[in-house]
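Structural features, examined
In case you want the letters, here they are:
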Amino acid sequence: MHRRTLYLIILTLLLAGYYLFMGIYLHDLGYHNLESLFYSEKNKILFEGVGNRLKVMGLTAPILPFYGTFIFSSISHLMAPIFASAIGTAVLFYIMAHTLTKRTHDDFYLLILLVLFTLHPGILYTACSGKSIYLVLICLFLFFYHILRYYKSNTTFHVSIASICLVILVFCDYKFIWLTLFFIPLVLFIATQSLNLAETETVFRLTQSFNTPALRRKLINKTFAIYIIIFLLPVASIAIFKMLNLTHANDLDYFIDSPYATWTVLADKLNFEQSTSFAQYHSSQISPLVTASIALYCPMIIIALYLFRHNTYQILTIAAPFGFVEFLQIKYDKIFLSHEYFLIFLVLSLLCIVFRGHRHENQRLMKVLLGFTVIVQLLTGYLFLKNSFVGEERDFVNTLFTATPDNSQAENKEMATFINTLPNDQEILMDDAVAYPVIAFTHNIKHITLPYQEAYLSASEAPEKYVNYILIATDRNPLTGYTQLNNKYLPAIKKSDSNLNMQKVYETDNWILYKVL
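What comes next is a walk through the structure. Throughout this description, residue numbers start from 1 for each chain and increase along the sequence as written. In keeping with the predicted nature of the model, local features appear solely for residues at pLDDT of at least 70, side-chain atom pairs appear and are counted solely at 80 or more, and the whole-chain, interface and lining totals rest on all residues. Hydrogen atoms and water are omitted, and side-chain values are computed over all heavy atoms in the structure.

**So, the sheet that holds strand β3 (residues 469-473)**
Reading across the sheet, the 5 strands line up as β2-β1-β3-β5-β4 and stay open at both edges, with mixed pairing between neighbours. For this open sheet the edge positions go to β2 (448-449) and β4 (502-507), each flanked by a neighbour on one side alone. Only strands that DSSP links by at least two bridges are regarded as paired with each other. Only DSSP runs of H or I covering at least 4 residues are called helices, and only runs of E covering at least 2 are called strands; the numbering of each starts at the N terminus.

Structure (structure tokens):
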């Protein structure tokens, strides 16, 4: 094994240990987020649940991040997402560092990479929060890496690998399917680059190709072939997965629309409602100024564009994510951009530095600029998280930098603690569309009746025959309108069965546990 490779492996292991230490530290301070709790609850169902769990195993989305946490569930259901994100982010560092060391032996660029992965708040959020951002960044890096490699080698192997990375990316975050829209016109430039022409400038190559019949036919054939290579696999994969959803859930879009399949449905609505209720709320993040915000967050992207200033098609490739993010703001106007979509530009700029930074004619100037932008990005990374519209991101920064215990899940823990004291032979009716954080903190779910089980519908209609307790969402619960088991359920069920009696045994602001008498 090459000595530098061995050093990188050791460095990666140390980085993984650092991330795990930070993640466990935050976990002990009470920091949790809805995504990691959702995966923890689904893993509990798979390992400990009763009944047919095939639907949970196959249709939980995003499916690849879910399986990533599944691997570590034998250690701890609650800690599994943290293990996955910590190790996954360390793997991202290794991939980027290994790519860099193959191109240059200048350790300055490796130091830049190490500083960002050690200190950048956004990277720490990726590694220590238990979220699936690490998988998105890995796939995004590999996708653009192979696209840029294709420009240089003109080998369709790289396009094929990029297509596979795009498939994995979509199954990590379905919104990335819209990234393909911005590669549809770009494919024409990619095909033009593959032609053997004397011209080097993309515009002139395109003009020459259209003016010559033989070259025009060749360009059309290559364009069509690249379209098939890049887009056929993602489109076919999504079509097959949608058919799987239709077969088992009677809904093509079950994996993106159902709160039982994905955590994003209700979490995004909750974040938007809570953020827009703030007195200091303003609409800067849902305006066309998003591109300017990205440049402020990651000024290194400007250096990246400068390095490719002589290559039109490569600049258009790097610019595609800008159009993608602006498109998301238009299509999902009721959802705030999470930090994940800012981090993709950090990874993309680092990729460009890996490709071209060491080849710049004035290395001293380049290193000074990079050193300065790294310092700026450490500051902007903190400020963007601290002032984020997403509550979980603000909580992360507050917990990490002030060591203040996070009480956002204290109420769910309180209810789960009481449920843990109940005898194991007592059945509890719960709706995990909204109660999955409570279930994630319970010790034993074998005695909990959930919607994936066949008995759930009967238990909700005649609880006295099936369960001993019912967990109800109060009117103060922000998600009370998204579950059947709310305060409207009690009058309705008593109207259908006048002999049904229930006694309130435990209450918090958002939950009430009733005993069926």
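**Here we look at the pairing of β3**
Type-normalised accessible area, obtained with a 1.4 Å probe on protein chains alone, sets the label of each residue: buried when under 20%, exposed when over 50%, and partly exposed for intermediate values. Of all 5 residues in β3, 5 are buried, a share of seventy percent or more. On β3, burial covers both faces: Tyr469, Leu471 and Ala473 on one face and Ile470 and Ile472 on the other are all buried. Sheet topology note: the strand β1 (residues 428-429)/β3 ladder contains 2 bridges and is parallel. Bridge pairing in β3 links Ile428 to Tyr469. Two strands pair when backbone bridges link them, and β3 and strand β5 (residues 511-516) are joined in this way by 5 bridges, in the antiparallel orientation. Looking at β5, one finds that Ile472 is bridged to Ile512.

**Details of the pattern of salt bridges**
A side-chain nitrogen of Lys or Arg and a carboxyl oxygen of Asp or Glu constitute a salt bridge if their distance falls within 4 Å. Counted according to the given criterion, the structure contains 10 salt bridges. Residues Lys131 and Glu35 are paired through a salt bridge, measuring 3.2 Å at the closest nitrogen-oxygen approach. In this pair, Lys131 sits in the loop between α7 (121-128) and α8 (133-153) while Glu35 sits in helix α2 (residues 34-48), placing the two residues 96 residues apart along the sequence. Here Lys131 and Glu35 have matching classes, each one buried. Put simply, Asp253 and Lys242 hold a salt bridge, and the shortest N to O gap is 2.4 Å. On the criterion of sequence distance, the pair formed by Asp253 in the loop between α12 (213-249) and α13 (254-257) and Lys242 in helix α12 is long-range, its members being 11 residues apart. Several salt bridges share partner residues, and in doing so they unite Glu35, Lys131 and Glu392 into one network.

**A look at a nonpolar patch on the surface**
Patch membership is restricted to residues that have no salt bridge and whose relative accessible area is over 30%. Joining uses 9 Å for like charges and 5 Å for the nonpolar side chains Val, Leu, Ile, Met, Phe, Trp and Tyr. For the accessible areas, the method is Shrake-Rupley and the probe is 1.4 Å, while residue cover comes only from the protein chains on display. Taken together, the side chains of Leu6, Tyr7, Ile10 and Leu14 make up a nonpolar region of the molecular surface, amounting to roughly 410 Å² of accessible area. The topology assignment puts Leu14 in helix α1 (residues 3-28).

**Details of the layout of surface pockets**
Considering only enclosed or pocket space, the largest pocket measures out at about 910 Å³ in volume. Using a 1 Å grid laid over the protein atoms alone, points where a 1.4 Å probe fits but cannot get out form a cavity; open sets with protein on both sides within 12 Å along at least 5 of 7 lines form a pocket; any residue with an atom within 4 Å of a point counts as lining. Forming the boundary of the largest pocket are 42 residues, of which Asp173, Lys175, Thr264, Asp268 and Ile335 lie nearest the centre. Elements supplying a minimum of two residues to the lining of the largest pocket: α8, α12, α13, α14 (264-276), α17 (312-331), α18 (340-356) and α20 (391-402). Here the element with the most residues in the lining of the largest pocket is α14; it accounts for 6 residues. By the convention adopted, Pro, Cys, Tyr, Trp, Phe, Met, Ile, Leu, Val and Ala count as nonpolar, Lys, Arg, Asp and Glu as charged, and the other residues, Gly among them, as polar. A per-class count over the lining of the largest pocket returns 24 nonpolar, 7 polar and 11 charged. Grid points are joined across faces, edges and corners, and a volume is the space filled by probe spheres set on the points.

**What about α12?**
Expected span of a helix: the number of residues minus one, times 1.5 Å. In this model α12 runs 51 Å from its N-terminal to its C-terminal C-alpha over 37 residues, within 8% of the 54 Å that 1.5 Å per residue would give. Across the chain, bend at a residue is computed as the angle between axes fitted to the seven residues ending at that point and the seven starting from it. At Phe231, α12 shows its strongest bend, of approximately 40°, with the proline Pro234 following within four residues.

**Some thoughts on the packing of helix α6 (residues 107-119) against helix α19 (residues 363-386)**
Relative orientation and spacing of two packed helices are given, respectively, by the angle between their axes and the distance between those axes. Remark: α6 packs on α19, axes separated minimally by 11 Å, with the N-to-C direction vectors making an angle of 0°. Here α6 lies roughly parallel to α19, going by the angle between them. Taken together, the residues of α19 that come into contact with α6 (itself represented by Phe108, Tyr109, Ile112, Val115, Leu116 and Leu119) are Gln363, Met366, Lys367, Leu370, Gly371, Val374, Gln377 and Leu378. The residue inventory of the contact of α6 with α19, partitioned by class, reads 10 nonpolar, 3 polar and 1 charged. Think of each axis as a best-fit line through the C-alpha atoms, taken over the contacting stretch in the case of a helix, with angles from 0 to 180 degrees between the N-to-C directions. An angle counts as roughly parallel when it lies under 35 degrees, as roughly antiparallel when it exceeds 145, as roughly perpendicular when it falls between 65 and 115, and as oblique in every other case. Two residues form a contact once any of their heavy atoms are found within 4.5 Å.

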